[in-house]
Every structure is written in structure tokens, then in C-alpha cells.
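One-letter residues, chain by chain:
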Amino acid sequence: MDRKGRGVGTFKAIRIDKTEAGQTVALGEFDERDLMPGDVTLRPQWSTLNYKDGLAVTGSAPVVRRFPMIAGIDAAGTVETSSHPQWKPGDNVILNGWGCGETHLGAYAQQARVNGDWLVALPRGLSAREAMAIGTAGYTAMLAVMALERAGLAPDRGPVVVTGAAGGVGSVALALLAGLGYHAVAATGRPAEAEYLKGLGAREIIERKELAGPVKPLARERFAGAIDCVGSTTLANVLSMIRYGGCVAACGLAGGMDLPASVAPFILRGVTLAGVDSVMCPQPLRRQAWQRLAESLDRAKLASMTSEIGLGQVIETGRRLLEGKVRGRIVVRIG
Ligand code: NDP
């Protein structure tokens, strides 16, 4: 054992293995020699739990496409060794996506080896823990806000609805929209979380079921825009309720991957449906999103939506997240 309690040449990680009996997941040891190629070796200090991590650690969807895998799509940590021109030992960095935890060994580990082109410098003023309280969920919420802005949305255009509001993306989206002066509407299946959602800046709370009924091609024009974490019938209903010239940023599938919609909102109201992807998002847009998060996300609101777990609780918490029982954001302590 070394001073930090790691076996020499091995480190602790959440491993997903495939055996004849199926997929197994456990907190175990990983051999350094089995790390995948990369020009930067990192020591992750914090990670987080996203919807995709929940899918990976429970095996509920075929997220993992290489075995053995280390789960975890997000890390904030310190560069240990680097042959990449941009990074040197001691640099504080953020890693989001790029297939980590899916096709490349991921972040729930005391060590990670990655491509230096994937990393973003930890913005000044943001701690590694805060960066993971934001995580892919929060950075996706910012990408969604930026997509709405590119489509011309502004606070004076009218209310913006956030679906899946009490989840990770939804919670950060509400805080961001409120901070920018939008009239943010939270759509939730957990009305008991109304006070929490108002605390993040929601001016109105609507029940999830209002967006879950049969879809009309066009419905009453209720919202100027939307950030949708749910997909399926919810997204189709939201599209039918968008005001003339409005925009929906679609980023999630918590309610399903289908989209039972008509083209009516697009061709009769000039509505834009903007797709949001965090995994392969180009670096300039990523850096811009992280910079804006560091500058504008209310830290007190971030703290109010964040709870902390250790590596040993990731698997069980991932199960609860998929059951819709986790509120806001979870940070995972690794260091
Ligand atoms: P969470 O589990 O934290 O939040 C999802 C929320 O969706 C829940 O809290 C719940 O909100 C709502 N919800 C869950 N199940 C249903 C259902 N059957 N019908 C309607 N609403 C439901 O996940 P995240 O916030 O981390 O992620 C949200 C979505 O965004 C996921 O689908 C995820 O895969 C996707 N995502 C996509 C990214 C991208 O790059 N495009 C990046 C990050 C996430 P409530 O209780 O308030 O109703």
C-alpha cells in the first residue's frame, strides 16, 4: 500500500465487468497497466452522478460499450503527468463526456488517463467540487440556454418552461434562467418540491401531467421557449404550446426517446427545435459554457441543489436517480 491506501500499481474504481452471467458492477481495484492510451494522466478529486451514470451503473441501458469499464462521465481533478502541449502537472481541469464511462475508461476512479484535447481548464473562481456540482447536467443546461439565445430568445419574449425541473439539468436550468431575468416555469411530477423549485427561481410550477396528455398539432401558445429534459409526449406537447417564433432546446429522454409530434409548430408558428449534445460538443462552445457558468451561476442556489456522496454510494444512488427519487445534483467525493 502507498501513503494514500492504494495498492501499488492499482487504484480504486467503480468497475463494470461482463461475465457469462451478465454485467456486474462493484467498487473494486483497477490495475494502472490496464488504463487506456491518452496523453494526460489525471487524479480525479470529484465526480458527479448524471442520468447516464445511473443508466451505466444499473445496466438499464446499453451505455457501456467496452469491458472492463470504469463508470463515470465527469471528473474534476489535477493533471499528474502530461505529454500534451496544453497541460502540465498540477493543472486543475474538468472532463465531461467524450465517451468516458461509455467507450473510454471513466471518472469514478482515483486515476484516469485521457486525451488532453478533451479537457477544459477549471475556470477561475470555481472550485473542483462546484464544477462537479454543475457537472454534465449543469453544463448541458447552459448549452440549452445558449441554444435558446442563438434562436433569438430573450426574457421579454415570455415564459420559458423547464421539464424534469427537479432533476439535475432542470434544477441548474431554472437557476440560470432566473439569473438571466426569464420568467421560468417549472414542470414537475413532484409538486411537493414546489418550495425547492421556487427557491431556484421558478416563478410558476405546473404539474408534469399538464404536458402528458394526447398531443394536439397546435395548442394554446403558452411559452416563448422551453428546455426539455423529458422527450416523448412531453416534448411533443411542449412544441404544440410554443408561441410564434419561439424555440425548444431538447436535451433529454427521461420520459422516452420517441417524439410523437406533428410539423405544425414548425411550419405554422416558425418554432425552432434546437438539439443539445454535451458529449461531443466542440471545445469553443464548451469553454464558453463553462466560463458563463463560472461567472453567472448563483453559488448559493448551486449549494442548495447539491448533496454529496462517496464512491461507495454511487451504485445505490444511481438506482434512486433512475427512479426519479434524487433531487437536484449529486457530487461524488473521490480525493
Ligand atoms: P435526473 O434524473 O436528475 O432528472 C430527470 C428528471 O426528469 C426527473 O427528476 C423528473 O423530474 C423527470 N422525469 C423522470 N422520469 C420521467 C418520466 N417518465 N416522465 C416525465 N418526467 C420524468 O436526470 P438529469 O437531469 O441528469 O438528466 C435529464 C435528462 O437529460 C436525461 O434524459 C439525460 O439523459 C439527459 N441529458 C442529456 C445530455 C445531453 O448531452 N443531451 C446531458 C445530460 C443529460 P421531476 O421529478 O421534476 O418531474
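In short, a report on the structure. (Residues numbered from 1 in each chain as written. Predicted model: local features only at pLDDT ≥ 70, side-chain atom pairs only at ≥ 80, totals over all residues. Heavy atoms only, no water.)

Re the overall build of the protein
Summing up its helical and strand segments, the protein has nine helices and 16 strands in all. Taken over the C-alpha trace, the protein has a radius of gyration of 20 Å; the compact-globule value for 335 residues is 20 Å, and the two agree within 12%. Every one of the 335 residues in the protein was classed for burial, and the buried ones make up 55%. Counting contacts in the protein only where the partners sit at least 6 residues apart, residues at least 24 apart contribute 70% of the total. Accessible surface, the protein as shown: approximately 13900 Å² in total, 53% of it carbon and sulfur. Separation of charge centres in the protein, based on 38 positive and 31 negative side chains, amounts to 3 Å. (Helix = DSSP H or I, 4+ residues; strand = E, 2+ residues; numbered from the N terminus. Rg over C-alpha atoms; globule rule 2.2 N^0.38 Å. Buried < 20%, exposed > 50% of the residue type's maximum accessible area, 1.4 Å probe, protein only. Contact = heavy atoms within 4.5 Å. Areas by Shrake-Rupley, 256 points an atom, 1.4 Å probe, with all protein chains shown as cover. Lys, Arg positive; Asp, Glu negative; His and termini not counted. Charge placed at Lys NZ, Arg CZ, Asp CG, Glu CD.)

Concerning the packing of helix H2 (residues 128-150) against helix H7 (residues 283-296)
Orientation of H2 relative to H7, taken along the N-to-C sense of each, is 105°, at an axis distance of 9 Å. With respect to H7, the axis of H2 lies roughly perpendicular. Of H7, the residues touching H2 (which contributes Ala131, Ile134, Gly135, Gly138, Tyr139, Met142, Leu143, Val145, Met146, Glu149 and Arg150) are Leu285, Arg286, Gln288, Ala289, Trp290, Arg292, Leu293 and Ser296. Of the residues in the contact of H2 with H7, the class split is 11 nonpolar, four polar and four charged. (Axes fitted to C-alpha atoms, helices over the stretch in contact; angles between N-to-C directions. Parallel < 35°, antiparallel > 145°, perpendicular 65-115°, else oblique. Nonpolar A, V, L, I, M, F, W, Y, C, P; charged D, E, K, R; others polar.)

Remarks on the sheet that holds strand E11 (residues 204-207)
Strand order in the open sheet formed by six strands is E11-E10-E9-E12-E13-E14, and the pairing between neighbours is parallel. Looking at strand neighbours, the two that pair on one side only are E11 and strand E14 (272-275), the edges of this open sheet. Taken pair by pair, the neighbouring strands of this sheet meet at an average axis angle of 20°, ignoring direction. As judged from the four bridges shared by strand E13 (residues 242-250) and E14, these two strands associate in the parallel manner. Paired with Ala250 across the bridge in E14 is Gly275. Running at roughly 150° to E13, H2 makes contact with strand E9 (160-163), strand E12 (223-228), E13 and E14 of the sheet. Sheet strands in contact with helix H5 (residues 232-240) are E9, E12, E13 and E14, and its direction is about 155° off that of E13. (Pairing = 2+ DSSP bridges.)

Details of a nonpolar patch on the surface
A grouping of Tyr51, Leu253 and Met257 is seen on the molecular surface, where their side chains present a nonpolar patch of about 330 Å² in accessible area. Structurally, Leu253 is set in the loop between E13 and helix H6 (264-269). (Patch = residues over 30% accessible without salt bridge, like charges linked within 9 Å, V, L, I, M, F, W, Y side chains within 5 Å. Salt bridge = Lys/Arg side-chain N within 4 Å of Asp/Glu carboxyl O.)

Observations concerning the site of the ligand
Around the ligand sit 24 residues in total, of which Val169, Thr188, Gly189, Arg190 and Ser278 are the nearest. For the ligand, an oxygen atom lies 2.7 Å from a polar atom in the backbone of Gly189. At a separation of 3.0 Å, a nitrogen atom of the ligand approaches a polar backbone atom of Cys251. Starting from 920 Å² of accessible surface for the ligand in isolation, the protein chains cover 86%. (Near = heavy atom within 4 Å. Polar contact = N/O pair within 3.5 Å; in protein donor to acceptor, adjacent residues only side chain to side chain.)

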